[in-house]
Structure formats: C-alpha cells, structure tokens
Amino acid sequence: MPRYAMLLAPSANRVYADGAGRLSRTELTVFAGAGVLDATIDDIGETPIGGVGYLTFGTDTALGARDVAFLSNLSSSYALFEQAGEDLLRPVQMAGLARYDSDLITIPKYAGKTNEQFTKLLLNLTILCSASAPRMLDAQLVVLDPLCGRGTTLNQALMYGYDAVGVEIDGKDVEAYAAFLKTWLKRKRLKHTADIVPVRRDRKLVARRLEVSMAASKEDHKAGAVQKLTVLHADTTKLDGILRGGIADVIVADAPYGVAHGSVTEEGGLSRRPLDLLERAVPQWLPLLRPGGALGLSWNTNVARRELAEDILLAAGLEIVELPELAHRVDQSIERDVLVARKPG
Ligand SMILES: C[S@@+](CC[C@H](N)C(=O)[O-])C[C@H]1O[C@@H](n2cnc3c(N)ncnc32)[C@H](O)[C@@H]1O
C-alpha cells in the first residue's frame with residue numbers, strides 16, 4: 001500500500017509550540033473524513049525520517065491529482081513525498097489553491113493579527129465540515145469573517161479564489177486594511193477597483209463599506225472572472241438588514257482574546273468577556289449563512305469556557321461538529337480552542 005510523508009513548514013513549530021504535529025494530524029484527519037478524497041487515508045502519524053519529523057500516512061491507492069490538489073492546501077504543508085522503499089522519498093508535485101503571491105498574507109504585521117497558518121487551518125476545517133467541501137477546489141465560495149480585524153481571513157479567502165465579506169467595528173483597522181490592499185494591488189499591477197462608500201438606511205448613515213473588485217490576471221479581468229471583497233465598518237451585533245441573508249458559504253471568526261484585544265461594546269467600552277459578544281452576535285450571523293454552511297470559531301479558553309461557547313452555538317440552532325482535540329497554547333495568557341458548527345441543510 002502506498003505511503004506518504006509530508007514535511008511541515010518550519011514556522012508551524014513556532015505557531016503551535018509543541019502542538020504542530022498534533023494539529024496537522026487533526027487537519028489531515030478532517031480532510032480524510034470529509035468525503036472529498038478518492039483514496040482512503042489511514043495510519044496517520046508522525047515519523048522521524050533522517051532526523052526530521054514528518055506527518056506520515058498510508059492510502060489504499062496512490063493519490064490522484066485531485067487528492068494531491070486537496071492535500072496541498074493543508075495549512076502547515078511544506079512538501080509532500082511518496083515513500084518509495086525503506087529510505088527513499090519521491091517528491092510529489094504539490095498544487096495548492098494559492099492564486100496570488102504569499103506576501104498578500106505575510107506582509108501585514110500588527111498587534112492582534114491572527115496567525116496566518118492558524119487562520120488557514122480554521123478556514124480549511126470550516127469548509128470541510130460544510131456542504132461546500134466537495135466544491136472547495138472549484139467554486140468561488142463566499143467567506144464571511146464578522147470579526148475581521150485587518151483581514152487575515154479575508155486575504156486567505158482571496159488566495160483561494162473566493163469572495164470575502166468582513167465586518168469590523170474598529171475604523172482604524174478598516175482604514176489600515178483598505179490602505180494595505182490598495183497598495184498591494186497596485187504594486188502587483190492587478191486590475192481592480194477599491195472604494196470606501198457610505199451605507200445608508202432611511203437616509204441615515206449606518207455604516208461605511210470598503211468595496212473591492214479584483215482579478216488575478218488581465219485575461220481573468222477581460223473574461224469578467226473577478227473576485228469581490230466587502231468590508232463593513234460596523235458593529236457585528238447590529239447587522240440587521242445591512243447584509244443580504246444567505247450570502248456566506250462559511251463563517252470564520254477569531255473572537256477577541258480579552259487580553260490585548262477586548263470585544264468592543266455598544267457604548268464603546270471594552271468587555272473582557274468575548275462570549276458576551278458572541279451571545280449577541282451569533283443570532284445576527286446565522287441568517288447570513290446558507291443552509292449546510294458552517295461556522296468556525298476560535299477563542300481564548302482562559303477567558304471563556306468551551307461548554308459556554310458550545311451552548312451559544314447550540315442555542316442558535318447550529319449543530320456542533322465533533323472534531324479531534326484542537327486546543328493549543330498561543331502564549332502565556334492565551335489558550336486557543338476551536339469550534340466548528342453546521343447550519344442544518
Ligand atoms: C482577535 S481579533 C481578529 C483579528 C483578525 N482575525 C486579524 O487577523 O486581523 C477580533 C476583532 O474583533 C473586533 N470586534 C470586537 N467587537 C466587535 C464588534 N462588536 N463588532 C465588530 N468587530 C468587533 C475587534 O476590533 C478585533 O479586530
């Protein structure tokens with residue numbers, strides 16, 4: 001039976017301390033169980049080869065091009081090899097979805113940024129647990145991050161060729177993200193439009209909106225193959241009527257950590273309890289998610305217990321997806337956990 005060895009990006013060790021191997025095993029387990037691969041994957045483990053740790057697995061048949069295309073998107077993947085005999089590794093040509101240069105995601109650096117590898121992990125898990133899993137490689141899905149900060153999730157969605165919608169209450173974050181994206185698009189000479197426009201309801205200004213339309217190449221632009229990105233400068237707990245229902249295939253959010261980044265309340269105060277925010281926000285988010293869509297959430301368990309987060313999602317009518325352990329340490333004050341829940345189809 002064929003066996004494979006995946007080399008993980010060295011940066012994964014920094015992101016997850018000693019949890020990198022475990023988290024990538026979990027991610028591979030989710031890819032394997034999503035019903036999207038032709039091959040059956042088993043015996044997932046970590047094996048040292050030549051003194052370096054690899055994520056290793058067996059398959060019932062050789063991985064075909066489409067299976068490789070799926071697995072190339074694993075958030076920590078660096079290189080993939082077929083194990084050809086005792087100690088020979090044959091490189092497998094990877095074919096990830098990356099549509100733009102990786103600096104779209106790596107250039108922005110700021111306090112409060114969600115790590116990009118973790119963001120990709122959360123997006124992958126959420127898509128694979130949603131009804132859109134079989135269309136992950138081919139469709140122009142719509143990803144909503146209703147706590148988008150300066151857009152790490154949105155940029156990852158763009159990388160995958162998807163459309164993206166973000167909501168952020170901090171005007172400085174929206175401005176900074178708009179400025180970065182405009183500069184980046186100009187520097188890469190990509191055809192685009194990018195404008196900040198007012199959003200009015202009953203003639204009253206209720207929000208501001210960054211509207212971006214972009215294409216990966218001149219040919220795409222000519223053919224009308226454009227990607228759309230919208231970022232609302234608004235309170236995510238008050239989205240009533242501002243966004244169209246059922247726009248999102250998946251919702252992905254990294255909740256405020258209650259440390260450097262509190263959740264902002266209506267009065268402009270800083271709440272130390274991100275679950276207060278979720279309690280008010282999740283009912284607003286749900287109508288935006290298509291039936292069969294999934295919500296992927298990460299938060300700091302030092303300030304909010306997992307059971308309470310689960311209760312909020314269950315109370316909103318979502319089904320929690322059972323996943324292997326994903327909790328991990330980020331730094332001294334942050335233990336991050338992940339929940340994925342599905343909207344009944
Ligand atoms: C952990 S950060 C997300 C960071 C983001 N993933 C990134 O990489 O830039 C949580 C974000 O939620 C935002 N936020 C907090 N309360 C909010 C609210 N009521 N409405 C909208 N955004 C809010 C914060 O301003 C912060 O940017």
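Here is a short report on the structure shown in this document.

**So, the sheet that holds strand β1 (residues 3-8)**
- Ordered by their spatial adjacency, five strands build an open sheet running β2-β3-β1-β4-β5, and the pairing between neighbours is antiparallel. Lying at the two open borders of the sheet, with one neighbouring strand each, are β2 (41-49) and β5 (89-92). Ignoring strand direction, the axes of neighbouring strands in this sheet form an average angle of 35°.
- Bridge count for β2 against strand β3 (residues 52-59) is seven bridges, and the pairing is antiparallel.

**Re the pairing of strand β8 (residues 192-201)**
- Bridge analysis of β8 against strand β9 (residues 204-214) gives ten bridges, and the strand direction is antiparallel. By the bridge assignment for β9, Thr-193 is matched with Ser-213.
- Where β8 folds back onto β9 in an antiparallel hairpin, the turn is made up of two residues, including Asp-202, whose phi is positive at roughly 50°.

**Some remarks on the site of the ligand**
- In the vicinity of the ligand there are 24 residues, among which Tyr-110, Thr-114, Thr-152, Glu-168 and Thr-236 approach most closely.
- The contact in question runs from an oxygen atom of the ligand to an N or O atom on the side chain of Asp-173, over 3.5 Å.
- At 2.9 Å, a backbone N or O of Thr-236 approaches a nitrogen atom of the ligand.
- Contact with the protein chains hides 97% of the accessible area of the ligand, taken as 600 Å² for the molecule alone.

Rules behind the numbers
Residues numbered from 1 in each chain as written. Predicted model: local features only at pLDDT ≥ 70, side-chain atom pairs only at ≥ 80, totals over all residues. Heavy atoms only, no water. Pairing = 2+ DSSP bridges. Helix = DSSP H or I, 4+ residues; strand = E, 2+ residues; numbered from the N terminus. Axes fitted to C-alpha atoms, helices over the stretch in contact; angles between N-to-C directions. Near = heavy atom within 4 Å. Polar contact = N/O pair within 3.5 Å; in protein donor to acceptor, adjacent residues only side chain to side chain. Areas by Shrake-Rupley, 256 points an atom, 1.4 Å probe, with all protein chains shown as cover.

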